[in-house]
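# Tertiary structure, described
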Amino acid sequence: MKNKKERIELSYNYNSQITVDHDYGYFSGPNLRYREQKGLDGYIPDSKQAQEQKGKKAKDGPYSKDKFKYDEEEDQFICPNGEVLIRKGEYEYNGKPLYTYYGANCEECPFRADCAGEGRIRVITSDDYEAERRRMAAKMRSKEGKEEYRMRKETVEWPFGNIKHNLKFREFLTRGIEKVRIEHNLVCTAHNLKVMWAKIAGKVAVLDKIGSLIANSASELGNFFGFRAMLNSKYH
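All of the points below concern the structure found in this document. (Residues numbered from 1 in each chain as written. Predicted model: local features only at pLDDT ≥ 70, side-chain atom pairs only at ≥ 80, totals over all residues. Heavy atoms only, no water.)

Before going further, it helps to examine the overall build of the protein chain. In terms of helices and strands, the protein chain carries eight helices and seven strands. When each of the 236 residues of the protein chain is scored for burial, the buried share is 27%. Sequence separation of at least 24 residues holds for 51% of the intrachain contacts in the protein chain that already meet a minimum separation of 6. With an accessible surface of roughly 16,500 Å², the protein chain has 54% of that area assigned to carbon and sulfur atoms. (Helix = DSSP H or I, 4+ residues; strand = E, 2+ residues; numbered from the N terminus. Buried < 20%, exposed > 50% of the residue type's maximum accessible area, 1.4 Å probe, protein only. Contact = heavy atoms within 4.5 Å. Areas by Shrake-Rupley, 256 points an atom, 1.4 Å probe, with all protein chains shown as cover.)

Okay, here's the thing in structure tokens:
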């Protein structure tokens, strides 16, 4: 997946569970379609949800775009008053196709002035990924989605904060997927060792016990393989 700087995030490509905190740059059509095609269980906020999570009041109104339902089968929008907006125009912007949908019955609507403006027709612009955006937004608003997102933030987001802020790791120094993967594993190992040390609170006795268990296990494995080697030499 790509972030809003068009950089590929390696960690998300290998994780079947994706949670993105506050950064709506990942809420792009290609990312959302990629997630659905690969069967990735993602939780990604749109711009309004990201603003709300930051404690900011997002711009909202009774006739904002998200208040218009999207009919994927008919490829049309339905306004809060139950009227349809039909796709009539198409143009290209920054190399990407965009489509315009026009209100079919705005002239007779009593809410025309508030929705479209006095004497105007309501127009909505969209692209090829409207359905994917709507599905993700609905998932994020659901009770189950909010709970899952909250839980994943607690278990997933703080390691990234620790690695980037406390360990000062903000970019990979190697190049190539294999080398980057090795570097990534080393950073994760450093993070995990720090967490493990914090959990045992530096208790030397615990470390001694762990060391003894490892030593005993190694000794038992050595005895076992030595016994197997003796049997093999005796009967073969």
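To locate leftover empty space, one rolls a probe as large as a water molecule over the atoms. Inspection of the entire model under this criterion finds one cavity of 30 Å³ or more. In this model, the largest cavity occupies a volume close to 140 Å³. What lines the largest cavity is a set of 18 residues, and nearest its centre among them are Cys79, Glu83, Cys106, Cys109 and Cys115. For the lining of the largest cavity, the secondary-structure elements that each account for two or more residues are strand 5 (84-93) and helix 4 (112-115). Among the residues forming the lining of the largest cavity, the class breakdown is twelve nonpolar, three polar and three charged. (1 Å grid on protein atoms, 1.4 Å probe; cavity = no way out; pocket = protein on both sides within 12 Å on 5 of 7 lines; lining within 4 Å. Points joined across faces, edges and corners; volume = space filled by probe spheres on them. Nonpolar A, V, L, I, M, F, W, Y, C, P; charged D, E, K, R; others polar.)

This brings us to the layout of surface pockets. The space that makes up the second largest pocket amounts to roughly 820 Å³. As for the second largest pocket, its lining consists of 28 residues, of which Phe27, Asp46, Ser47, Lys48 and Ala137 are closest to the centre. Elements with a minimum of two residues in the lining of the second largest pocket: helix 3 (47-53), strand 7 (123-126), helix 5 (130-141) and helix 6 (143-166). Looking at the lining of the second largest pocket element by element, the count peaks at six residues for helix 5.

Attention now moves to a nonpolar patch on the surface. On the surface, a nonpolar cluster with roughly 220 Å² of combined accessible area is contributed by Tyr102, Ile121 and Val123. Mapped onto the secondary structure, Tyr102 falls in strand 6 (residues 96-103). (Patch = residues over 30% accessible without salt bridge, like charges linked within 9 Å, V, L, I, M, F, W, Y side chains within 5 Å. Salt bridge = Lys/Arg side-chain N within 4 Å of Asp/Glu carboxyl O.)

Right, let's talk about the pattern of salt bridges for a bit. Here the structure, examined in full by the defined rule, presents 15 salt bridges. Asp66 is the salt-bridge partner of Lys67, the closest N and O atoms lying 3.6 Å from each other. Asp66 sits in the partly exposed class, given a relative accessible area of 41%. Among the charged side chains, a salt-bridge network with shared partners connects Arg35, Glu36, Glu72 and Arg135.

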